[in-house]
Amino acid sequence: MFVVLCIGWFGLKFYFTYDYRISDQVRSIVVSQVKVHHTRYLTYNEIPEMYRNAVISTEDRSFFTNQGIDFRGILRAILVDLSAKQPLQGGSTITQQLIHNTLLSDIKKSLKWKLRESVYAIGIYDTLSKQETFELYANVIYFGHGANGLYQAAETYFAKAPSQLNDGELTMLAGLPNAPSVYDPFINMGLARERQNQVIQCMVDYGVITESQAKHIFDEPIELK
């Protein structure tokens with residue numbers, strides 16, 4: 001069984017590296033979307049550290065160590081979906097969300113869809129660095145109000161570049177993609193603040209910030225466009 005798994009794993013790596021060059025496919029789609037939406041592409045180092053920490057703490061704490069997928073999260077999602085007889089749970093890592101928003105964006109969700117998402121995520125793990133994976137994710141994720149990618153989201157909600165946002169505004173943006181229409185600060189600032197607080201508490205739980213730092217971040221002014 002171990003030998004079979006090893007052969008399968010390295011077979012996938014060879015396939016995604018030399019046959020179906022998945023990294024090139026994803027890069028091409030992200031760059032194309034950035035051009036279509038007339039926004040600016042951000043490199044990993046241009047993405048504020050607070051935003052990176054907020055997203056990883058909330059969405060995928062094992063991001064830097066997992067193989068593109070979270071096996072326990074996938075199993076939990078499949079069990080929920082099977083019991084409901086329809087796709088309800090995500091169980092997705094940041095890498096899987098990148099796949100979701102690029103290679104599988106036009107395909108209806110199903111159990112087969114989730115399997116493909118997982119296999120493609122392993123392909124990304126084998127062919128892209130974690131830094132570039134996050135970079136691509138941050139440039140393609142949807143924030144609501146037609147804002148695609150972090151740069152356009154910062155302009156849409158705050159009329160600023162991401163580098164000009166305070167930590168409070170960055171943590172609010174980090175929580176929006178989960179449900180942009182629900183946490184829309186233009187419509188319901190109360191729910192947006194609740195979601196922001198969840199993100200900040202996730203950072204505390206993950207050990208990225210202290211409770212006192214969390215309070216300071218939450219108290220920073222939120223100046224909408």
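Above this text sits the structure in question.
Computed from a predicted model, the values in this text were never measured in an experiment.

Under the defined criterion, the tally for this structure stands at 7 salt bridges. Note that Asp24 is salt-bridged to Arg21, the shortest N-O span being 2.8 Å. Under the relative-accessibility criterion, Asp24 is labelled partly exposed at 34%. The closest approach of N and O atoms between Arg27 and Glu132, which form a salt bridge, is 2.6 Å. Residue Arg27 is located in helix H2 (residues 22-36), and its partner Glu132 is located in helix H7 (residues 130-140); the two are separated by 105 residues in the primary sequence. Look at Arg27 and you get partly exposed, because its relative accessible area is 28%. Salt bridges linked by common partners bring Arg21, Asp24, Arg27 and Glu132 together as one network.

Let us now look at the packing of helix H9 (residues 167-175) against helix H10 (residues 189-206). Axis separation between H9 and H10 bottoms out at 8 Å; the angle between their running directions is 100°. Between H9 and H10, the angle falls in the class roughly perpendicular. Contacts between H9 and H10 involve Gly168, Thr171, Met172, Ala174 and Gly175 on the former and, on the latter, Met189, Ala192, Arg193, Arg195, Gln196, Val199, Ile200 and Met203. Considered class by class, the residues forming the contact of H9 with H10 number 7 nonpolar, 4 polar and 2 charged.

For the rest of this paragraph, the subject is the environment of Leu150. Of note, Leu150 is situated in helix H8 (residues 150-158). Linking Leu150 and Tyr41, residues 109 residues apart in sequence, is a C-alpha distance of 8.8 Å. Setting aside chain neighbours within four positions, we find Leu150 in contact with Leu42, Ile47, Pro48, Tyr51, Ala138, Phe143, Pro162 and Leu173.

A separate point is the nonpolar core. Formed by 53 residues in total, the largest nonpolar core has its most connected members in Val26, Tyr51, Ile99, Phe134, Phe143 and Leu173. Looking at this core, the element that brings in the most residues is H8, giving 6 residues. Sequence-distant contacts of Ile99, that is, excluding residues within four places in its chain, are made with Ile22, Val26, Leu104, Glu117, Tyr120, Ala121 and Ile124.

By the element assignment, Asn166 lies in the loop between H8 and H9. In terms of polar contacts, Asn166 uses its side chain to reach the backbone amide nitrogen of Glu169, at 2.7 Å. Here the side chain of Asn166 touches Pro221 through a polar contact of 2.9 Å, landing on its backbone oxygen. Residue contacts for Asn166: discarding those within four places in its chain leaves Glu220 and Pro221.

Cut-offs and rules
- Residues numbered from 1 in each chain as written.
- Predicted model: local features only at pLDDT ≥ 70, side-chain atom pairs only at ≥ 80, totals over all residues.
- Heavy atoms only, no water.
- Salt bridge = Lys/Arg side-chain N within 4 Å of Asp/Glu carboxyl O.
- Buried < 20%, exposed > 50% of the residue type's maximum accessible area, 1.4 Å probe, protein only.
- Helix = DSSP H or I, 4+ residues; strand = E, 2+ residues; numbered from the N terminus.
- Axes fitted to C-alpha atoms, helices over the stretch in contact; angles between N-to-C directions.
- Parallel < 35°, antiparallel > 145°, perpendicular 65-115°, else oblique.
- Contact = heavy atoms within 4.5 Å.
- Nonpolar A, V, L, I, M, F, W, Y, C, P; charged D, E, K, R; others polar.
- Core = buried A, V, L, I, M, F, W, Y, C linked by side-chain atoms within 4.5 Å.
- Polar contact = N/O pair within 3.5 Å; in protein donor to acceptor, adjacent residues only side chain to side chain.

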